[in-house]
Amino acid sequence: MPPGPRIVSVLLPQPLPEPFDYELPEGMNAPPGSFVVVPLGPREMIGVVWAERSVPSNRKLKAVAEVIAPAPPMPPAMRTFIERAAKYVCAPAGNLLAMSMRSREALEEPPVELLVIASGETPERMTPAREKVLAEAGAPLSSADLARAAGVSSGVVKALLDAGALMQVERSLDPPFEEPDPERPARDLTEEQKAAADVLKAHVSERAYKAALLDGVTGSGKTEVYFEAIAQALRDDPEAQVLVLLPEIALTQAVTSRFEERFGVVPAEWHSAAGSKARRRVWREVAAGRARIVVGARSALFLPYRNLRLIIVDEEHDASYKQEEGVIYHARDLAVMRAHIESCAIVLASATPSLETLANASSGKYTHLRLSARPGVSRLPEIALADLREQPPETGRWIAPQLAKAIEETLAAKEQALLFLNRRGYAPLVLCRACGERLKAPDTDSWLTEHRYSGMLICHLTGFTMQKPLACPHCGAKGSLTGVSPGVERLAEEVHTRFKGARVEVLSSDTVTSPDSLRELIARMEGGAIDILIGTQIVAKGHNFPALTLVGVVDADAGLRGGDLRAGERTFQLLLQVAGRAGRADKPGRAIIQTYAPESPAISLLAAGDRDAFIEHEMEQRRQVGFPPFGRLGAVILAAGSSEQANEWAAAFGSAAPNAAGVEVWGPAPAPIAVLRGRHRRRFLVRSDRNVDLSAYLSAWKERVKLPPSVRVALDVEPYSFM
Ligand SMILES: [Zn+2]
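Residues numbered from 1 in each chain as written. Predicted model: local features only at pLDDT ≥ 70, side-chain atom pairs only at ≥ 80, totals over all residues. Heavy atoms only, no water.

Participant: Tell me about the coordination of the zinc ion, and please be specific about residues and values.
Facilitator: Coordination of the zinc ion by the protein involves Cys432 (SG), Cys435 (SG), Cys472 (SG) and Cys475 (SG), with metal-donor separations of 2.2 to 2.4 Å. Considering all 4 donor atoms around the zinc ion, the spread of angles at the metal, 107 to 112°, places the coordination shape in the tetrahedral class. Linear spacing of the donor residues for the zinc ion on their chain is C-x2-C-x36-C-x2-C. Within this pair, whereas Cys435 is found in the loop between β19 (429-432) and β20 (449-451), its partner Cys475 is found in the loop between β22 (465-467) and β23 (481-484), the two being separated by 40 residues in sequence. Looking at Cys475, the relative accessible area reads 38%, which means it is partly exposed. (Donors = N, O, S within 2.8 Å, 3.2 Å for Na, K, Ca; no water. Tetrahedral: all angles 85-135°; square planar, octahedral: opposite > 155°, others 65-115°. Helix = DSSP H or I, 4+ residues; strand = E, 2+ residues; numbered from the N terminus. Buried < 20%, exposed > 50% of the residue type's maximum accessible area, 1.4 Å probe, protein only.)

Next up, the structure:
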């Protein structure tokens with residue numbers, strides 16, 4: 001019997017759960033992992049060969065059109081990761097493949113530029129102009145640059161090329177990254193830091209899955225410690241690759257220079273703000289195994305590493321690791337999954353670890369490494385509460401007397417103050433004094449924020465923007481619209497009037513819109529050109545200012561309102577991080593926290609400096625209701641075009657919920673933001689015991705209901721947002 005046609009299944013970067021089968025033409029070689037071009041309907045598309053089929057199909061299959069030869073095949077571990085991650089986050093595998101193919105251009109040969117250089121031959125006819133050109137042509141230059149350098153017309157260069165005295169050379173526009181050097185001198189480590197670094201280095205050298213929590217107070221030198229683990233990975237294996245995940249681009253910029261100091265080269269950077277050229281280069285160099293250290297935001301987890309030996313998740317508790325749009329996933333959880341699949345070491349670092357991670361550390365799944373001291377003489381700041389019920393700020397002001405006095409003392413001592421208020425803009429709510437109307441974004445259940453610098457009203461959820469109207473859109477009253485409660489811009493206004501002569505700047509995503517402007521602002525703060533810095537949560541992270549001795553938290557209760565699962569935990573983490581900005585080097589710091597709820601556990605235990613007691617309290621609360629880390633949580637959000645349609649299908653969806661032991665379903669209820677961009681939203685919350693495969697449960701549930709195309713369902717495993 002003649003052998004049948006060879007068949008491969010190809011996964012496409014589309015919302016498709018399964019690969020499609022294609023025939024492999026005679027003579028074409030495409031082992032699993034190969035990037036191939038295949039027809040899909042009338043189009044052609046790039047996909048990845050997922051498997052070879054041994055059983056021939058009895059259908060007539062379309063043929064693979066082309067194998068993309070320059071692209072190294074996707075490694076098996078990467079394919080396994082895509083499959084498992086898709087199952088875990090309840091998304092089609094094709095969507096995760098799309099996330100790992102963010103640069104299609106990277107699959108092609110790198111583009112080159114043509115340069116010219118002297119060939120060593122002497123032209124038959126020599127002129128003064130030609131002599132000048134050849135004198136400049138010792139190193140490769142573009143024709144235009146060479147002509148400019150020699151001060152001649154481009155015709156002279158061309159004539160020398162034709163005469164053979166110059167020759168063309170190609171240079172890649174995507175040069176490889178320089179090799180990091182692990183043997184450069186490290187900063188001196190304390191005994192405690194050295195002990196932690198030794199454990200991590202041993203983990204790396206085992207070349208097996210090993211997870212550690214690096215749990216160190218702000219300023220304790222976690223970065224220096226994990227740098228030693230990175231150095232060990234590079235030392236052990238000349239082809240080792242290391243991934244360092246950071247929660248925000250702003251932080252990536254701040255950390256890059258420390259990498260350069262330690263390893264002599266800047267690492268490859270991967271984040272959403274990078275241009276397509278930069279992405280093409282990083283993707284290709286990672287796939288080729290030549291980019292050794294990659295520093296990036298959560299999506300860097302989906303790059304096709306050839307030989308990943310270590311993953312660092314810095315600020316592992318940070319909520320921005322959770323992607324809420326498109327494929328909903330938590331980068332920390334998937335990083336642990338990836339480390340498992342790659343059999344490599346992973347380090348989760350934080351000054352305020354998440355409860356999930358602490359639970360894994362105390363059960364022994366993760367090695368728990370603590371850094372309790374700040375190197376040198378610096379101390380953690382003293383934290384004092386300002387009870388606003390006893391000493392409220394004056395009407396129309398937000399800084400209470402206790403904090404105002406501390407700011408004055410700080411200014412008198414020529415030191416710096418940081419005021420933290422996690423609300424952008426001027427006022428988070430705009431109200432009509434005539435009719436009481438609160439201005440909302442159209443089609444969305446969320447208040448508009450007044451931005452006075454730009455004169456706009458903005459919805460921070462959808463990005464909707466409008467000029468602030470002169471008259472109330474509801475009752476028509478003129479000049480009646482007024483901003484309620486403060487954002488950072490309004491706080492800056494108060495600071496300007498109360499602390500005359502102080503140099504004040506605002507740090508928020510509205511005032512700092514590029515990495516360069518952030519760098520400049522940080523340099524001004526470090527250089528002492530700012531007396532009072534006012535900031536949103538951007539200021540909570542990463543930056544260390546030696547002369548900053550006072551941190552004032554203007555509204556500590558903001559995060560406690562709304563009451564989602566992690567409200568207390570997040571408030572505690574955020575305030576501890578912010579307070580930790582105060583006091584470095586030899587100057588002690590203090591933090592003053594303004595609150596109406598001094599007795600709430602998050603705030604009272606923060607003031608007492610008792611992190612362990614707070615964690616115990618939170619753990620107990622969660623244990624009682626079986627919430628993470630003691631159980632699993634999932635969310636189902638159903639969105640429809642009208643309220644009636646949302647109710648109708650939510651009821652149908654609810655009645656189709658499978659019965660399963662250890663699973664409870666709550667809802668449907670209107671989602672806290674019940675209307676978003678014109679879509680009416682209903683929410684189910686699902687709690688399960690830890691031993692239940694909640695992902696499989698949610699996927700099976702969704703399969704049971706055939707919804708009309710106008711109704712959409714999003715599944716969220718371990719939800720962070722309760723909107
Ligand atoms: Zn009105």
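Back to the text.
Participant: Which residues make up the sheet that holds strand β26 (residues 548-553), and what are the values?
Facilitator: If you trace the 6 strands from one edge of the open sheet to the other, you get β17-β27-β26-β18-β25-β24, paired in parallel fashion. Strands with a single pairing partner mark the edges of an open sheet, and in this sheet they are β17 (382-387) and β24 (504-507). Going across the sheet, the axis of each strand differs from the next one's by a mean of 20°, ignoring polarity. Of the strand pairs in this sheet, β24 and strand β25 (residues 532-535) are connected by 4 bridges, and their pairing is parallel. (Pairing = 2+ DSSP bridges. Axes fitted to C-alpha atoms, helices over the stretch in contact; angles between N-to-C directions.)

Participant: Describe the packing of helix α15 (residues 567-579) against helix α17 (residues 611-625), listing the residues and the values that go with them.
Facilitator: To describe two helices that pack against each other, one gives the angle between their axes and the distance between the axes. Contact geometry of α15 with α17 gives a least axis separation of 10 Å together with a crossing angle of 165°. By the criterion of interaxial angle, the relationship of α15 to α17 is roughly antiparallel. With respect to the hand of their crossing, α15 and α17 are arranged in left-handed fashion. Counted together, Gly568, Glu569 and Phe572 of α15 and Arg611, Phe614, Glu618 and Arg622 of α17 form the full contact between these two elements. (Parallel < 35°, antiparallel > 145°, perpendicular 65-115°, else oblique. Left-handed = near helix turned anticlockwise from the far one by under 90°. Contact = heavy atoms within 4.5 Å.)

Participant: Quick rundown of the environment of Ala98? Include the residues and the values.
Facilitator: Inspection of the secondary structure puts Ala98 in helix α2 (residues 93-100). Given a relative accessible area of 21%, Ala98 falls into the partly exposed group. Taking C-alpha positions, Ala98 is 22 Å from Lys702, a pair spaced 604 residues apart along the chain.

Participant: Describe α15, naming the residues involved and giving the relevant values.
Facilitator: Counted at 1.5 Å a residue, the expected span for α15 with its 13 residues is 18 Å, and the 18 Å between its end C-alpha atoms agrees. The buried fraction of α15 is high, at 10 of 13 residues. Taken residue by residue, α15 has Ala567, Gly568, Glu569, Thr571, Phe572, Gln573, Leu575, Gln577, Val578 and Ala579 as its buried positions. (Expected span 1.5 Å × (residues − 1).)

Participant: Summarise helix α11 (residues 355-362); cite the residues concerned and give the values.
Facilitator: Most of α11 is tucked away: 7 of the 8 residues are buried. For α11, the set of buried residues is Leu355, Glu356, Thr357, Leu358, Ala359, Asn360 and Ala361. Taken together, the buried residues of α11 touch β8 (210-216), α10 (331-342), β15 (345-350), β16 (367-371), α15 and α17. The positive-phi residue at the C-terminal boundary of α11 is Gly364, with phi of around 90°.

Participant: Can you break down the nonpolar core residue by residue, with the values?
Facilitator: In terms of nonpolar packing, the biggest core is built from 65 residues, with Phe35, Leu96 and Val294 touching the most fellow members. With residues near it in sequence (within four places) discarded, Phe35 still touches Ile46, Gly47, Val48, Glu66, Val67, Ile68, Ala71, Pro72, Met74, Met101, Leu107 and Trp283. In terms of nonpolar packing, the next biggest core, distinct from the first, is built from 31 residues, Ile383, Leu533, Leu548 and Val553 among them. (Core = buried A, V, L, I, M, F, W, Y, C linked by side-chain atoms within 4.5 Å.)

Participant: An account of the sheet that holds strand β30 (residues 679-689) is needed here, citing residue identities and associated values.
Facilitator: The antiparallel open sheet is built from 4 strands, whose spatial order is β29-β30-β28-β31. Every other strand in the sheet has two partners, leaving β29 (663-676) and β31 (712-717) as the edge strands with one partner each. The mean angle between the axes of side-by-side strands here comes to 20°, regardless of whether they run parallel or antiparallel. Here strand β28 (residues 631-640) pairs with β31 via 6 bridges, running antiparallel. Residue pairing across strands places Ala639 opposite Arg712, the latter belonging to β31. Along the sheet face, helix α19 (residues 694-704) touches β28, β29, β30 and β31 and points at about 170° away from the line of β31.

Participant: For the packing of aromatic side chains, give the residues involved together with the corresponding values.
Facilitator: In this structure the tally under the stated criterion is 13 aromatic pairs. Aromatic side chains Phe627 and Trp666 sit 6.0 Å apart centroid to centroid with 55° between the ring planes, which places their arrangement in the tilted category. Here Phe627 is found in the loop between α17 and β28, whereas its partner Trp666 is found in strand β29, with 39 residues between them in sequence. What makes Phe627 buried here is its relative accessible area of 16%. (Phe/Tyr/Trp six-rings, centres within 6.5 Å; stacked < 30°, edge-to-face > 60°.)

Participant: Before we move on, can you summarise unusual backbone geometry with the specific residues and values?
Facilitator: With an omega of 5°, the peptide bond between Pro628 and Pro629 qualifies as cis. For Pro629, the location among the structural elements is in the loop between α17 and β28. For the bond running from Gly667 to Pro668, omega is 10°, close enough to zero to count as cis. Mapped onto the elements of the fold, Pro668 is located in strand β29. Positioned with a positive phi, Glu315 is a non-glycine residue whose angle comes to about 55°.

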